[in-house]
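Structural description and commentary
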Amino acid sequence: MEWEAPAIVLAASSYGEGGAVAHVLSEEFGAYRGLVRGGSSRTQASLWQPGNLITARWFARLPEQLGTLTAELVHPSSARLLQHARPLAMLSSACAVADGALPEREPHPNLFHGLTRLLTLLSLDPAEAEQAGPAALIRWEMLMLSDLGYGLDLSGCAVCGGTDNLAWVSPRTGRAVSQEGAGAWADRLLRLPPFMLDDADPGCAADWRDGLRLTGHFLERDAFGQRHRPVPQARGRLYDMMVTLADAAD
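Only a predicted model underlies this, so the values are computations on that prediction, with no experimental measurement involved.

A word on the side chain of Thr-215
As for its placement among the helices and strands, Thr-215 is situated in helix H6 (residues 205–224). A polar side-chain atom of Thr-215 sits 2.7 Å from a polar atom in the side chain of Glu-141. Residue contacts for Thr-215: discarding those within four places in its chain leaves Ile-138, Glu-141, Met-142, Leu-145, Met-196 and Arg-235.

Observations concerning the environment of Glu-130
Looking at the secondary structure, you find Glu-130 in helix H4 (residues 126–147). Spatially, the C-alpha atoms of Glu-130 and Ala-71 are 30 Å apart, while their sequence positions differ by 59 residues. Other than its neighbours up to four places away in sequence, Glu-130 contacts Arg-86, Pro-87 and Trp-208.

Description of the pattern of salt bridges
With the rule as written, the count across this model stands at eleven salt bridges. Close ionic contact of Arg-33 with Glu-104 constitutes a salt bridge, the shortest N to O distance being 3.5 Å. Highlighted residues: Arg-33 in strand E3 (residues 30–36) and Glu-104 in the loop between helix H2 (85–101) and helix H3 (109–124), separated in sequence by 71 residues. Among the ionic pairs, Arg-221 bridges to Asp-222, the shortest N-O distance being 3.0 Å. Its relative accessible area of 35% is what places Arg-221 among the partly exposed residues.

Overview of the sheet that holds strand E6 (residues 166–169)
Across the sheet, three strands lie side by side as E7-E6-E8; this open sheet has antiparallel pairing. Of all the strands in the sheet, just strand E7 (176–178) and strand E8 (190–191) have a single pairing partner and so form its edges. Relative to E7, E6 runs antiparallel, the two being bridged by three bridges. Across the sheet, the residue bridging to Trp-168 is Val-177, located in E7.

Digging into the nonpolar core
In this structure, Leu-115, Leu-137, Trp-140, Met-144, Leu-192 and Leu-214 are the most contacted members of the largest nonpolar core, which totals 56 residues. For this core, the secondary structure elements donating two or more residues are strand E1 (2–15), H2, H3, H4, E6, E7, H6 and helix H7 (233–249). If we skip the residues at most four places from it in the chain, Leu-214 touches Leu-152, Val-169, Leu-190, Arg-191, Leu-192, Pro-193 and Met-196. Counting residues in each nonpolar core, the second largest holds 17 residues, with Trp-3, Ile-54, Trp-58 and Ala-60 among its members.

Conventions adopted
- Residues numbered from 1 in each chain as written.
- Predicted model: local features only at pLDDT ≥ 70, side-chain atom pairs only at ≥ 80, totals over all residues.
- Heavy atoms only, no water.
- Helix = DSSP H or I, 4+ residues; strand = E, 2+ residues; numbered from the N terminus.
- Polar contact = N/O pair within 3.5 Å; in protein donor to acceptor, adjacent residues only side chain to side chain.
- Contact = heavy atoms within 4.5 Å.
- Salt bridge = Lys/Arg side-chain N within 4 Å of Asp/Glu carboxyl O.
- Buried < 20%, exposed > 50% of the residue type's maximum accessible area, 1.4 Å probe, protein only.
- Pairing = 2+ DSSP bridges.
- Core = buried A, V, L, I, M, F, W, Y, C linked by side-chain atoms within 4.5 Å.

Below you can see the structure in the form of structure tokens.
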């Protein structure tokens, strides 16, 4: 059995004498692992960096085997961000979240295309990504939650039913709550940044911090909690970076 398709490198780890096990995501075949012969060598290590866009080829004698991966580089997303700390942190977080949350060999074309757009935004213009990247990343995390069956309901207030002044999200149900509907319970809810309701709004540092806190709660409880896995450290580092940025902006 074999396949060849455009793919995104999610992760790679050393294996044996100079080899590596890589985890890639493609539109048609989903998340796949494979053995890369010589994947840890100087000539290949840069190819298998998280976030790189590649043309991947996977083959194995039997479908249930680990299989072997080879690839050709299409776009070196990771290398283009080495001098840009926040966009690189966003790239690392997105790939780590996809690596840990997506079930193996199950196609999620919307997530693949969303991640491709995010990586393109981050790597083609890192300066622009400083402002547009955080909101795009958080929207992609919302897409992931929805695609995995844990989507948030931000269509109206869970208490009043209206669509005005939506300002909070219930950490239990994932439904939006208006400022009026929250009442005395506001301190028990998660703040809903305005940019999460308006695709044209890029948000600000405080919004990015609160957006990451919001999606992070449901990633931890549902996407990772149901698989008995911790949220990746790369995402925690990104959140801490946004907390520092928001504190500096206050």
